[in-house]
Amino acid sequence: MRSGMGVGEWFRVINYERLYFTIQRISGLYMFFYLILYRVLFDAFVSPALVSQFDMTVPGKILAALFLVFLAFHGLNGIRIIFIEFGIIRGWPLRHPIRNVPALRRSRSHLIYNALMIAAAVIALIYLPYLVAFGGVFRP
């Protein structure tokens, strides 16, 4: 790979590890800001009745549903990383002999776990509109 390509180089070749890394960071930041800024600070400095009223609106439900989706992904990816670290999911570097392709972990158990993570993401994204449309107040 050539250096100096910027962020676009991260996604030049579809690499699940990089995608999971990026989503892991985004979900961690979202959950931190949701819990600290919204839940703790708003509940402390704004009346709880006003916060509960906002939770019943569509933006409040979307924020809560995104929290659940990110919580599920963050937890599943954390478990995947633990499995890799302990050697339960084993992989080996895969390099193309001619093209400059970054190393990818590939093994049957890793591919199965990737499929489970993708299925969980699809289920969560299907559940998100349901929660927004029919969900009640969500208090983490």
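Residues numbered from 1 in each chain as written. Predicted model: local features only at pLDDT ≥ 70, side-chain atom pairs only at ≥ 80, totals over all residues. Heavy atoms only, no water.

**Some points on the packing of helix H1 (residues 16-45) against helix H4 (residues 108-134)**
Next up, step 1: Put simply, H1 and H4 touch, their axes get as near as 13 Å, and they point 45 degrees apart. On the basis of their axis angle, the class for H1 and H4 is oblique. Between H1 and H4 lies a crossing whose hand is left-handed. Note on element contacts: H4 touches H1 through His110, Asn114, Met117 and Ile118, opposite Tyr16, Glu17 and Tyr20.
Next up, step 2: Partitioning the contact of H1 with H4 into residue classes produces four nonpolar, two polar and one charged. (Axes fitted to C-alpha atoms, helices over the stretch in contact; angles between N-to-C directions. Helix = DSSP H or I, 4+ residues; strand = E, 2+ residues; numbered from the N terminus. Parallel < 35°, antiparallel > 145°, perpendicular 65-115°, else oblique. Left-handed = near helix turned anticlockwise from the far one by under 90°. Contact = heavy atoms within 4.5 Å. Nonpolar A, V, L, I, M, F, W, Y, C, P; charged D, E, K, R; others polar.)

**Here we look at the layout of surface pockets**
Next up, step 1: Of the volumes computed, that of the largest pocket is approximately 220 Å³.
Next up, step 2: In terms of lining, the largest pocket is formed by 15 residues, of which the most central are Ile23, Phe73, Met117, Ile118 and Ala121.
Next up, step 3: Listed by contribution, the elements that provide at least two residues to the lining of the largest pocket are H1, helix H3 (58-85) and H4.
Next up, step 4: It is H4 that contributes the most residues to the lining of the largest pocket, six residues altogether. (1 Å grid on protein atoms, 1.4 Å probe; cavity = no way out; pocket = protein on both sides within 12 Å on 5 of 7 lines; lining within 4 Å. Points joined across faces, edges and corners; volume = space filled by probe spheres on them.)

**Focus on the nonpolar core**
What tends to happen in soluble globular proteins is that the nonpolar side chains get buried as a cluster.
Next up, step 1: The biggest cluster of nonpolar side chains holds eight residues, and these are Tyr30, Met31, Tyr34, Tyr38, Val51, Ala64, Phe67 and Phe70.
Next up, step 2: Per-element tally for this core: the top contributor is H1, with four residues.
Next up, step 3: If near-sequence neighbours (up to four positions away) are discounted, Tyr30 is found in contact with Leu63, Leu66, Phe67 and Phe70.
Next up, step 4: Counting six residues, the second largest nonpolar core, distinct from the first, contains Phe73, Ile89, Tyr113 and Met117. (Core = buried A, V, L, I, M, F, W, Y, C linked by side-chain atoms within 4.5 Å. Buried < 20%, exposed > 50% of the residue type's maximum accessible area, 1.4 Å probe, protein only.)

**Side note on H3**
Next up, step 1: A rise of 1.5 Å per residue sets the reference length of H3, with its 28 residues, at 40 Å; its end C-alpha atoms lie 40 Å apart and thus fit the reference within 8%.
Next up, step 2: As for H3, its buried residues are in contact with H1, helix H2 (48-55) and H4.
Next up, step 3: Directly after H3, the chain includes Gly87, whose backbone phi takes a positive value near 85 degrees. (Expected span 1.5 Å × (residues − 1).)

Limitation: the analysis is restricted to geometry and does not speak to function.
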